[in-house]
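# Coordinate inspection notes
Okay, here's what each chain looks like letter by letter:
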Amino acid sequence: MALSRRNNNRELNAWPGWVDALSSLVMVVIFLLMLFVVAQFFLVTTLTGRDDQLQSLTQKMAEMNNVLALERDANTGLHRTITQISDQLKSEREANARERALLQEDLKSLRAVRQQLEGEISERVVALRLSEEQRQALLEQIGSARDQSRTLEAKVAEASDKTMLVQKEVAQRDQQIDVLNQQIATLREQLARIGEVLDLSERKAEEQRVQIVELGSRLNQALASKVQELARYRSEFFGRMREALGARQDIRIAGDRFIFQSDILFPSGSAELQEGGKKRMAELARTLLEISKAIPADINWALRVDGHTDIRPIARSFASNWELSSARAIAVVKFLIEQGIPGERLVAAGFGEFQPLEAGATEEALARNRRIEIKFDQR
């Protein structure tokens with residue numbers, strides 16, 4: 001009696017220690033989950049800010065490119081104007097040079113004529129044998145020669161005036177060219193500054209792209225770890241389901257899906273679970289509830305229930321096979337909710353006769369196509 005009492009006291013004294021250890025373990029798990037949620041929140045916030053900065057920098061670069069294009073167009077227009085003005089000045093200088101050469105030739109010929117006339121006059125005066133008529137004719141010739149020389153002098157004066165005007169215009173054009181050259185130099189300086197700003201912005205954008213790529217790789221690694229963890233629980237779910245269901249001919253496994261024949265779950269043309277179907281779904285619900293207790297809360301899993309029918313048209317309380325397949329999937333989902341599966345973890349879908357497993361209209365093919373498929377998936 002004394003020994004049994006001592007053993008009972010030891011068991012009672014050990015129990016609070018186990019409770020403290022389990023509570024500490026739960027607190028550590030909750031703390032790690034909170035750290036992961038906070039880290040994921042800051043990661044999403046950082047990515048959003050980087051995207052906004054990258055978008056603003058892209059807009060600034062587009063504006064800089066527009067300003068640069070406008071400055072280049074203005075620079076091209078100025079070069080064209082300078083070229084036109086230079087061509088006009090060359091043509092005017094060539095025309096003035098030709099006119100001056102013609103006037104100089106005319107002046108030389110008139111001087112030669114004048115010299116000839118003066119020589120003839122001197123010879124005739126020296127001879128003193130000229131008649132009065134000849135003298136009058138000579139005087140007239142001398143007067144006409146003087147008139148011609150005066151007109152030539154007037155033309156020479158006009159030509160000199162024109163030359164002065166052309167020189168003034170050339171000086172003005174030279175001043176305009178100097179101003180345009182100064183503007184071009186200023187534009188080149190502005191273009192150089194804009195190029196430096198663009199280079200700086202491109203370097204910043206490249207740095208931000210590298211940071212975003214690094215953040216994206218980290219996020220992908222985190223997501224990949226979550227996917228691997230979900231795959232582990234999915235494989236555990238399939239293993240447990242295989243053990244619970246055993247080797248049955250009416251329940252098959254295809255890839256990542258469990259296929260239940262509709263004949264063991266529902267009566268023909270009905271969407272109400274029969275007793276055998278409720279038994280199968282209850283086994284599935286118990287297995288899923290055991291596994292869901294070990295799945296972390298941050299893994300967004302879901303159990304998908306797909307309803308399928310054969311190609312024969314329905315002629316009872318449903319308008320089409322599509323509605324019958326959807327109603328059967330919803331009936332399974334409702335039963336699983338009654339068994340304790342949370343509704344937010346369940347998905348019901350109806351495919352009608354449009355996803356057959358086997359083609360043909362034989363009784364065996366039609367029976368295989370009437371089915372309920374259950375898949376452990378991620379939302």
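Calculation criteria
- Within each chain, residue numbers correspond to sequence positions counted from 1 in written order.
- Side-chain atom pairs in this predicted model are given and counted only at pLDDT of 80 or more, local residue features only at pLDDT of at least 70, and totals for whole chains, interfaces and linings cover all residues.
- Note: side-chain values were computed over all heavy atoms of the structure, leaving out hydrogens and water.
- When a carboxyl oxygen of Asp or Glu is within 4 Å of a side-chain nitrogen of Lys or Arg, the pair counts as a salt bridge.
- In short, DSSP must find at least two bridges between two strands for them to pair.
- For helices the rule is a DSSP run of H or I covering at least 4 residues; for strands it is a run of E covering at least 2, with both sets numbered from the N terminus onward.
- Helix span is expected to be 1.5 Å times the residue number reduced by one.
- Working definition: with a 1.4 Å probe on protein chains only, accessible area under 20% of the residue-type maximum means buried, over 50% means exposed, and in between means partly exposed.
- Here a residue-residue contact requires only that any non-hydrogen atoms of the pair lie within 4.5 Å.
- Only rings of Phe, Tyr and Trp enter the pairing, Trp through its six-membered ring, and a pair is recorded when the two centres are within 6.5 Å. The plane angle decides the type: under 30 degrees is stacked, over 60 is edge-to-face, the rest tilted.
- Every axis corresponds to a line fitted to the C-alpha atoms, with the helix fit spanning only the stretch in contact, and the corresponding angles, defined between N-to-C directions, vary from 0 to 180 degrees.
- These descriptions rest on fixed angle ranges, namely under 35 degrees for roughly parallel, over 145 for roughly antiparallel, 65 to 115 for roughly perpendicular, and the rest for oblique.
- The sense of a crossing depends on the near helix, which, turned anticlockwise from the far helix by less than a right angle, makes the crossing left-handed and, turned clockwise, makes it right-handed.

Once that is clear, we can look at the pattern of salt bridges. Throughout the structure, instances matching the rule amount to nine salt bridges. Three or more residues joined by partner-sharing salt bridges are found here, namely Asp263, Asp310, Arg312, Glu363 and Arg370.

Okay, the pairing of strand β5 (residues 371-378) next. Summarising the sheet, strand β2 (residues 257-261) and β5 pair through five bridges and their orientation is antiparallel. Residue pairing across strands places Arg257 opposite Lys375, the latter belonging to β5. Relative to β5, strand β3 (residues 301-308) runs antiparallel, the two sharing eight bridges. Note on β5: the bridge partner recorded for Val305 is Ile374.

This paragraph deals with helix α5 (residues 321-338). Here α5 spans 26 Å end to end across 18 residues, near enough to the 26 Å set by a 1.5 Å rise per residue. When we look at burial in α5, the residues that qualify are Asn321, Leu324, Ser325, Arg328, Ala329, Ala331, Val332, Val333, Phe335 and Leu336. In the core, the buried residues of α5 are packed alongside α3 (262-265), α4 (275-292), β3, β4 (346-350) and β5.

Our focus in this paragraph is the packing of aromatic side chains. For the coordinates displayed, the defined rule picks out two aromatic pairs. Residues Phe41 and Phe42 carry aromatic rings whose centres are separated by 5.8 Å and whose planes lie at 70 degrees to one another, so their mutual orientation is edge-to-face. Residue classification places Phe41 among the exposed residues on the basis of a relative accessible area of 54%. Ring plane angle 55 degrees and centroid distance 5.1 Å describe the contact between Trp322 and Phe354, whose orientation is recorded as tilted. You can see Trp322 sitting in helix α5 and its partner Phe354 sitting in the loop between β4 and α6 (363-369), a full 32 residues away along the chain. Taking the relative accessible area as the measure of exposure, Trp322 reaches 47% and is therefore partly exposed.

For the rest of this paragraph, the subject is the packing of α4 against α5. α5 packs onto α4 with a crossing angle of 55 degrees between their chain directions and a minimal axis gap of 10 Å. On the basis of the axis angle, α4 is oblique to α5. The handedness of the crossing between α4 and α5 is right-handed. For the pair α4 and α5, the contacting residues are Lys278, Met281, Ala282, Leu284 and Ala285 in the first and Val332, Phe335 and Leu336 in the second.

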